[in-house]
Structures are given as C-alpha cells and as structure tokens.
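Chain by chain, the residues run as shown.
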Amino acid sequence: MKTLGAGCSVSSGTVNVTVSANPIATISSTSGNVICDGTSSDLTAPIGMSSYEWYQGGTQIVGANNNTLSVSLAGNYQVKVTNSNGCSTLSSVYGMTVNPVPTGSISNASSLEFCEGDSVVLSGPTGMIYAWSTGETSSSITVSNTATIGLTLTNTDGCSATLTAVDAIENQVPSLTVSNSSALQFCFGGSVNLQASGGFASYAWSNGSSNQNIIETTAGNYTVTDTTSDGCRNTS
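Reference entry: report on the structure contained in this document. (Residues numbered from 1 in each chain as written. Predicted model: local features only at pLDDT ≥ 70, side-chain atom pairs only at ≥ 80, totals over all residues. Heavy atoms only, no water.)

This part covers the sheet that holds strand β20 (residues 178-180). In spatial order, the strands read β20-β21-β23; together these three strands make up an open sheet with antiparallel pairing. One side of each edge strand has no neighbouring strand; the edge strands of this open sheet are β20 and β23 (213-216). Neighbour-to-neighbour, the strand axes of the sheet open up by a mean angle of 25 degrees, direction not taken into account. (Pairing = 2+ DSSP bridges. Helix = DSSP H or I, 4+ residues; strand = E, 2+ residues; numbered from the N terminus. Axes fitted to C-alpha atoms, helices over the stretch in contact; angles between N-to-C directions.)

Encoded structure:
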C-alpha cells in the first residue's frame, strides 16, 4: 500500500506467479541397449508431451519428433521433451551398442561330390555355437548321402547368422557282376566269354583288356574294375 500526501492511500493489484515443473525426460527400451547388427531397437520417451526432439551424438535427428525412435546404429541418444506449459528437459545419454553377427562359410575337407560309400566332412568357423540343418551341434559333421546342408552360427554376443547352404552329392555306383556264356571249365582249345554288367563308362580287366567282355582261352583268375562317368569304381 502506498500513502499519498493528502492522506489518501492506493492498494496495488495482486500478481500471481506460477512456476511450472519441468517434464521428466527418460529413455527406455524393451530390447535393451545392446542389439545385433541388422536388427533395431525402439527407444521410448514418456508419453503425453507436446513435442519431442531426438538427438544422436548431440546432433538433432531430422524428422524424429515422436515419443518413440527406432535405432539400428550404435551411438549416444538423447531426447528433449516439452510439456504443455512450454517447459523442456533434455534426457541423459542412452548409449546403444551394436554387436556384429557371425560371418564365414561352410568349408569341406574334400569334394562335395563323392561316391557311394564315401563321405565329406563339413566344418563351420571356429569359436561359435553351431546349429546344423541335420540337427547336429558340433563344429564339424560328416555327410554320407545327398543333402542340402545349412548352418546357423551364434557368437559369444548372442548374435546369429545363417550361412549359405552347400549341396552334398552322393553318386550311386551300379552293382557289378561278371557272367559267363559257357562253362568256366573247358577243354584245351576251347574258350569262355566273360561279360561285365553294364552301366559303367570304362572297364579294366586284370588281363589288360578295356572291353566290357573278354574271351579267355587260358586258365586263371580274372577280375574287372569298372568306372562310372562320375569317377566311381566297383570291382568284381
């Protein structure tokens, strides 16, 4: 109150001062702050704000103005929230780590194409957790039949990757028999025709002949090794 010289007084009007609370700015993520390369994590700020500004490494992310932000890159993230009273708060740094996924390929100790009765050993990169399409979990497996073999690797960070599958091919070998057109025991001056079964690309008899059949006039034991077009052999 102010008193004037003539004994009159004047009262001033009441002024109300309101201090609005600053909003709480936090960042949370249901998937945590560690992800694998090729995946993403949704960062979430408190709902109900008038505006949002997201930052990575101190630089504002253009177009990021919602309460959620999907990130797939490592870095330090912050969010600035503004409430309906125009008060703003910048959050603490939320650090994101992106771990690498396994890389490499399935290796084979010998040819992926092999003959019936043989096999090939397949191996994955070392130091991983292994999940072969065959159900096996060792670093190496032996494959003895035709199959497409896949492998999923998981590293120590828990990140997984599926490698390019390989095709193992087992080449079948026809059965081999030797037939004789007449008795195997004959008189001097006689002969016998020995015939190897078909289905082979080449024949190698113990007498040096490369024909499918041989005519023998002398006593002895005769064997034949036949080879398919795939290079597989059978001996009788």
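Once that is clear, we can look at a nonpolar patch on the surface. A surface patch of nonpolar side chains, about 370 Å² in accessible area, is lined by Val-15, Val-17 and Val-19. Inspection of the secondary structure puts Val-15 in the loop between β2 (9-10) and β3 (34-36). Among the residues examined, Val-15 registers a relative accessible area of 68% and is labelled exposed. (Patch = residues over 30% accessible without salt bridge, like charges linked within 9 Å, V, L, I, M, F, W, Y side chains within 5 Å. Areas by Shrake-Rupley, 256 points an atom, 1.4 Å probe, with all protein chains shown as cover. Salt bridge = Lys/Arg side-chain N within 4 Å of Asp/Glu carboxyl O. Buried < 20%, exposed > 50% of the residue type's maximum accessible area, 1.4 Å probe, protein only.)

Only one face of strand β22 (residues 202-205) is buried: it carries Tyr-203 and Trp-205, and the other face, with Ser-202 and Ala-204, is open. Relative to strand β24 (residues 224-227), β22 runs antiparallel, the two being bridged by four bridges. Note on β24: the bridge partner recorded for Ser-202 is Thr-227.

This paragraph deals with the environment of Val-19. In this structure, Val-19 sits in the loop between β2 and β3. The exposed category is assigned to Val-19, whose relative accessible area is 75%. When the C-alpha atoms of Val-19 and Asn-85 are compared, they prove to be 9.9 Å apart, with 66 residues separating the residues in sequence.

Bringing the state of the cysteines into the picture now. Simply put, disulfide is the name for a covalent bond between the sulfur atoms of two cysteines. Here the structure, examined in full by the defined rule, presents two disulfides. Each sulfur in the disulfide pair Cys-36 and Cys-159 lies 2.1 Å from the other. Residues Cys-36 and Cys-159 share a disulfide whose torsion about the S-S bond is about -90 degrees; that sign makes it left-handed. Linking Cys-36 in strand β3 with Cys-159 in the loop between β17 (151-154) and β18 (160-162), this pair joins segments that are 123 residues apart in sequence. A single burial state applies to Cys-36 and to Cys-159, both of which are buried. The disulfide that involves Cys-115 links it to Cys-232, with 2.1 Å between the sulfurs. In this structure the cystine formed by Cys-115 and Cys-232 twists about its S-S bond by roughly -95 degrees; its chirality is therefore left-handed. (Disulfide = S-S within 2.5 Å.)

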